[in-house]
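The chain contents come next:
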2 protein chains.
Amino acid sequence: MTVLEQMGANAKQAARVLMNAGSKKDEALLAIAKALRDNAQAIIAANKIDLDNGRAAGLTDSLLDRLKLDDGRIEGMAQGVEQVASQPDPIGKIIEGRTLKNGLMIEKITVPMGVIGIIYEARPNVTSDAAALCLKAGSAVILRGGKEAIHSNTAIMDVMRDAIASVGLPRDCAALVTDTTRQSATELMQLSDYLDVLIPRGGAGLIKSVVENAKVPVIETGVGNCHVYVDESADIAMAAEIIFNAKTSRPSVCNAIETVLVHQAVAEKALPAIKAALDKKHVEIRGCDKTRAILGDCVVPATENDYAVEFLDYILAVKVVDSLDDALDHIAKYSTGHSESIITNDYNAANKFTSCVDSAAVYVNASTRFTDGGEFGLGAEIGISTQKLHARGPMGLNELTSMKFIIRGNGQIR
Amino acid sequence: MTVLEQMGANAKQAARVLMNAGSKKDEALLAIAKALRDNAQAIIAANKIDLDNGRAAGLTDSLLDRLKLDDGRIEGMAQGVEQVASQPDPIGKIIEGRTLKNGLMIEKITVPMGVIGIIYEARPNVTSDAAALCLKAGSAVILRGGKEAIHSNTAIMDVMRDAIASVGLPRDCAALVTDTTRQSATELMQLSDYLDVLIPRGGAGLIKSVVENAKVPVIETGVGNCHVYVDESADIAMAAEIIFNAKTSRPSVCNAIETVLVHQAVAEKALPAIKAALDKKHVEIRGCDKTRAILGDCVVPATENDYAVEFLDYILAVKVVDSLDDALDHIAKYSTGHSESIITNDYNAANKFTSCVDSAAVYVNASTRFTDGGEFGLGAEIGISTQKLHARGPMGLNELTSMKFIIRGNGQIR
């Protein structure tokens, strides 16, 4: 058995206990929160090694900031775990049921996934956030973070495993893959005897690698090439405000927009208003010929690739379209199925857009930035699914569960 | 573009139309049913080529029987399609919704998967059954059947595509991969730019190949190493009757049992009763040492492998266990997570079994043979999922859908 196979086997055993652990799960979460606070200095010391190594390896200031832990951030992690503890238990809910004519009583009930694998990058707070959600959902979890955060993650995981054991649950309810080579990631993606589901959290490169290599069921998350379409009938001021918000309030996240489509009938009026808003944050506009004809040479000519990529930066692609249908075609071609919004005052255009756009979240007259578990009222979020199986859009505790049928009879045969 | 990529691109275009096709879908299904009847002789003629080739290739009588189409079977296919047409539309159901404090109105609504791929073996009636379910669920479908049925499947698909086109929907709502090489199956499993989900329907070999090769989201179906556990408190006559039913009423299907576990306290009494029932159908018993000590040398010594495989035949593995916990350990080790049943009169044992067995369907005092979409009241069935993502257990129309969030606002930004 390889190290990872052993880890998988241990997690599978732990999952059998966790499956019916009931309120023990909340005890464990509260113990974790306390332990994170009690061991804050040790975690910060480990984090300092990662920061020193990161600086030596030339990480950008923005990456170093994501990596950094301090008292405030550890308090935030502890509070996050407590919030998960305070949510209702997603396990054991009877979703539906009926009595069949032959007297069989059948019910469909929520159950844990079993063993959940999570591959993530950079930020060490994900280690406690993700483990807490999986624990609460009754599943054992195997985490594999990025090599930049390995000392921080190891320290956090040690604290969590001790806390889990302190309430009498198996330590292996949570585990960290400490081998941060590419091989260990690939092996985790292929641990089909032990993993019930794998959730990659990261950029397009990680998602691509998972699609290429995974042999376990996967929930793809997070790649968002999101669009706002400004319809012929749009309130131009609202359009400019929503576009400014969706592009600039946090450009590095997946629900930020990357392309704006503008109906040709309002392009002359809308484009200058949109540009004026974006100029406040010095957003670079990459536009089609029609956009450039209206806004001038300050607009960089857009390439095909500009419509296909996530900039995750203060850059926006803009295209003038002939019609709503034209916009729908563009979105069907380039969208990653995350979030799209139409700005319109036309009832039929709104309905057509919401019916025809095949994305996890489809908006009318609102910013795509609302695609978020917290905003949607799902509680803490494990990620945003951009696939159509199992869960789509923001995933909270409920989306981390599976179900089974329980059938009670008195001797029925078929 | 390869032939399959072109097929995928065509299906994706067709899916955009089908997504909002409403009652046109039922028109298409009724046209398909009529066309199957009208073209029965042409289909039977094509089927005769497959039968002749099959005989020449030395297919067993049982496989030839599965392959054979006649007027009665084609009428059955037509009626199956009509039944799917008569079911309620699974698309456009609002699952839940709420208004957020900021005034955003958010609803979660069922939508089609998009493009569904199905790889199946042997029986040509699956071609119309599966296509009908996918169409009704608003998804385009790409089918790839076995090479034994290629002429039958091609004839059925031609009839269906003409019928679909006759009501004004795109012909490419359904398509058949006519290349039946292993390469085409692998290419379909990796058609990630076009397929939203792949459902393999077949034996353990096919499922294994899909797990190894797929790069698209998969719903695994059908491998069932199912167990009956006879508890200390069981009604022995009921146990014998349920075991006889679950093993012999149709041994080749996935919800038939493969192993019986008997509590040691009742083994002396239960095993002879079970054997007497199974003898009526000459079931071969492969047992542990304790089983052989009770039933004698007519019982073949069971190997480790006998507990791990699906016999799909008149063969049953039997093991005497020390306790319910012992039975739970055995099931956790060998079960494929399909269906398991406990025979008991003990309230706590029943609850422990249903809580601790991690399978799609967990029974008390009933035959595992009920794990079936029709029996569960889900309508026609596309397969039985043995994985924990998306759908688990029998999958009907609802399990062939995805969902999206629609959010209506009046200028909200975050």
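Note that this is a predicted model, so its numbers are computed, not measured.

1. Section: the overall build of chain A
Scanning chain A for helices and strands turns up 16 helices and 16 strands. For chain A, the C-alpha radius of gyration of 24 Å lies close to 22 Å, the compact-globule estimate for 414 residues. Along the three orthogonal principal directions, the C-alpha set of chain A runs to about 70 × 70 × 35 Å. Here chain A, with 414 residues, has 54% of them falling under the buried criterion. A separation of at least 24 residues holds for 71% of the contacts in chain A among residues at least 6 apart in sequence.

2. Overview of the relation of the copies chain B and chain A
When chain B is brought onto chain A, the operation consists of a screw motion whose angular component is 180° and whose axial shift is 0.0 Å, with 0.0 Å RMSD remaining. On this basis, the relationship between the two copies can be described by a two-fold rotation axis. Within chain B, B:His390 has its C-alpha nearest the rotation axis, a separation of 1.7 Å. An overlap of 98% is found between the interface residues of chain B and their copies at the interface of chain A, pointing to a shared contact surface.

3. A look at the packing of helix H10 (residues 236-248) of chain B against helix H11 (residues 267-279) of chain B
Residue and element names in this part refer to chain B. At a minimum axis separation of 9 Å, H10 and H11 run at an interaxial angle of 40°. Judged by the angle between their axes, H10 and H11 are oblique. Crossing hand, H10 versus H11: right-handed. Contacts from Ile236, Ala237, Ala239, Ala240, Glu241, Ile243, Phe244 and Lys247 in H10 reach Lys269, Ala270, Ala273, Ile274, Ala277 and Leu278 in H11. Taken together, the residues of the contact of H10 with H11 sort by class into eleven nonpolar, no polar and three charged.

4. Some thoughts on the environment of A:Glu27
In this fold, A:Glu27 is placed in helix H2 (residues 24-38). Sequence-wise, A:Glu27 and A:Ala9 are 18 residues apart; in three dimensions their C-alpha atoms are separated by 24 Å.

5. Side note on the packing of H2(A) against helix H5 (residues 71-86) of chain A
Residue and element names in this part refer to chain A. Interaxial distance between H2 and H5 falls to 9 Å at its minimum, and their mutual angle equals 170°. Considering the angle they form, H2 stands roughly antiparallel to H5. Every residue of H5 that contacts H2 at Asp26, Leu29, Leu30, Ile32, Ala33, Leu36 and Arg37 is listed here: Ile74, Glu75, Met77, Ala78, Val81, Glu82, Val84 and Ala85. Looking at the contact of H2 with H5 residue by residue, the classes come out as eleven nonpolar, no polar and four charged.

6. Considerations on the nonpolar core
With 214 residues, the main nonpolar core has A:Ile32, A:Ile243 and B:Ile32 as its most contacted residues. Once residues within four sequence positions are removed from consideration, B:Ile32 is found in contact with B:Val81, B:Ser128, B:Ala132, B:Met160 and B:Ala163. In this structure, A:Ile406, B:Ile242, B:Val260 and B:Ala349 belong to the second largest nonpolar core, which totals 56 residues.

7. Quick word on the pairing of strand E9 (residues 284-287) of chain A
Residues and elements named next belong to chain A. Note: E9 against strand E11 (residues 315-321), four bridges, orientation parallel. Its bridge partner being in E11, Glu284 is matched across the sheet by Ile315. Examined bridge by bridge, E9 and strand E10 (residues 300-301) share two bridges and lie parallel to one another. The residue bridging Arg286 from the neighbouring strand is Val300, located in E10. One crossover worth recording links E9 to the parallel E10 by way of helix H12 (residues 289-295), and it is right-handed.

8. Here we look at the interface of chain B and chain A
Facing 59 residues of chain B, the contacting portion of chain A comprises 58 residues. Counting residues per element, the ones that place at least two in the side of chain B that touches chain A are helix H9 (204-213), H10, helix H15 (347-356), strand E13 (361-366) and strand E16 (401-412) of chain B. Counting residues per element, the side of chain B that touches chain A draws most heavily on E16(B), which supplies eleven residues. Of the residues in the side of chain B that touches chain A, the class split is 26 nonpolar, 19 polar and 14 charged.

9. Description of the sheet that holds strand E4 (residues 140-144) of chain A
Residue and element names in this part refer to chain A. Within the open sheet, the four strands sit side by side as E5-E4-E3-E6. Their pairing is parallel. This sheet does not close on itself; its edge strands, each paired only once, are strand E5 (174-176) and strand E6 (197-201). In this sheet, adjacent strand axes meet at a mean angle of 20° when their direction is disregarded. Pairing of E4 with E5, which is carried by three bridges, proceeds in the parallel orientation. The partner of Leu143 across the bridge, within E5, is Leu176. Strands strand E3 (115-120), E4 and E6 of the sheet are contacted by helix H8 (residues 182-189), whose axis makes an angle of about 150° with E4.

10. Considerations on the sheet that holds strand E1 (residues 94-99) of chain A
Sheet architecture is open: ten strands sit in the order E1(A)-E2(A)-E16(A)-E13(B)-E12(B)-E7(B)-E8(B)-E11(B)-E9(B)-E10(B), paired in mixed fashion. One side of each edge strand has no neighbouring strand; the edge strands of this open sheet are E1 of chain A together with strand E10 (300-301) of chain B. Sitting on the sheet, helix H14 (residues 324-334) of chain B touches strand E7 (226-230), strand E8 (257-263), strand E11 (315-321) and strand E12 (339-343) of chain B, and the angle it makes with E11(B) is about 140°.

11. Topic: the domain arrangement of chain A
Accessible area lost when the parts come together is the quantity often used to give the size of an interface. Residues and elements named next belong to chain A. Each assigned domain of chain A is listed with its residue range as follows: domain 1 (3-220 + 387-408) and domain 2 (226-374). Averaged C-alpha coordinates put domain 1 and domain 2 at centres separated by 35 Å. Considered class by class, the residues forming the side of domain 1 that touches domain 2 number three nonpolar, two polar and one charged.

12. Here's the deal with helix H1 (residues 3-18) of chain B
Residue and element names in this part refer to chain B. Over its 16 residues, H1 runs 22 Å from end to end, which matches the ideal 22 Å to within 8%, given 1.5 Å per residue. Restricting attention to buried positions, one finds in H1 the residues Leu4, Met7, Gly8, Ala11, Ala14, Ala15 and Leu18. Projected onto a plane normal to the axis of H1, the buried residues spread over an arc of 130° and lie on a single side. Where H1 is buried, its residues meet strand E2 (105-112), strand E3 (115-120), strand E4 (140-144), strand E5 (174-176) and helix H8 (182-189).

13. Some points on helix H10 (residues 236-248) of chain A
Here H10(A) contains 13 residues, and its C-alpha end-to-end distance of 18 Å stays within 8% of the 18 Å for a straight helix at 1.5 Å per residue. Taken together, the buried positions of H10(A) are occupied by A:Met238, A:Ala239, A:Ala240, A:Ile242, A:Ile243, A:Phe244, A:Asn245, A:Ala246 and A:Lys247.

14. Considering unusual backbone geometry
The phi dihedral of A:Leu312 falls on the positive side, at around 55°, and the residue is not glycine. With respect to the helices, strands and loops of the structure, A:Leu312 is situated in the loop between helix H13 (304-308) and E11. One non-glycine residue with positive phi stands out, namely B:Asn365, at about 55°.

15. Considerations on the environment of A:Ala175
As for its placement among the helices and strands, A:Ala175 is situated in strand E5. Filtering out sequence-adjacent residues up to four positions away, A:Ala175 remains in contact with A:Met7, A:Ala11 and A:Ile142.

16. Points about the pairing of E2(B)
Residue and element names in this part refer to chain B. Here strand E1 (residues 94-99) pairs with E2 via five bridges, running antiparallel. Looking at E2, one finds that Glu96 is bridged to Lys108. Turn length for the E1-E2 hairpin, with the two strands adjacent in sequence and antiparallel, is five residues, and the turn residue Gly103 shows positive phi of about 95°.

17. Brief notes about the environment of A:Lys25
All names here are of chain A. The residue Lys25 is located in helix H2 in this model. Note on Lys25: 24 C-beta atoms within 10 Å, which makes it buried. For Lys25 and Cys254, which are 229 residues apart along the polypeptide, the C-alpha to C-alpha distance reads 31 Å. What Lys25 contacts, discounting residues up to four positions off in sequence, is Leu135, Lys136 and Gly138.

18. A look at the confidence of the model for chain A
Considering every residue of chain A, the mean pLDDT works out to 96; 100% of them sit at 70 or more. The complex model carries a pTM of 0.95, and its ipTM stands at 0.95.

So, how was this worked out
Residues numbered from 1 in each chain as written. Chains lettered and ligands numbered in written order. Predicted model: local features only at pLDDT ≥ 70, side-chain atom pairs only at ≥ 80, totals over all residues. Helix = DSSP H or I, 4+ residues; strand = E, 2+ residues; numbered from the N terminus. Rg over C-alpha atoms; globule rule 2.2 N^0.38 Å. Buried ≥ 20, exposed ≤ 12 C-beta atoms within 10 Å, placed from the backbone. Contact = placed C-beta atoms within 7 Å. Least-squares fit on C-alpha atoms with pLDDT ≥ 70 in both. Axes fitted to C-alpha atoms, helices over the stretch in contact; angles between N-to-C directions. Parallel < 35°, antiparallel > 145°, perpendicular 65-115°, else oblique. Left-handed = near helix turned anticlockwise from the far one by under 90°. Nonpolar A, V, L, I, M, F, W, Y, C, P; charged D, E, K, R; others polar. Core = buried A, V, L, I, M, F, W, Y, C linked by C-beta atoms within 7 Å. Pairing = 2+ DSSP bridges. Right-handed = clockwise from strand over helix to strand, strands pointing away. Domains from an automatic or database assignment. Expected span 1.5 Å × (residues − 1). Arc of directions from axis to C-beta. pLDDT = per-residue confidence, 0-100.

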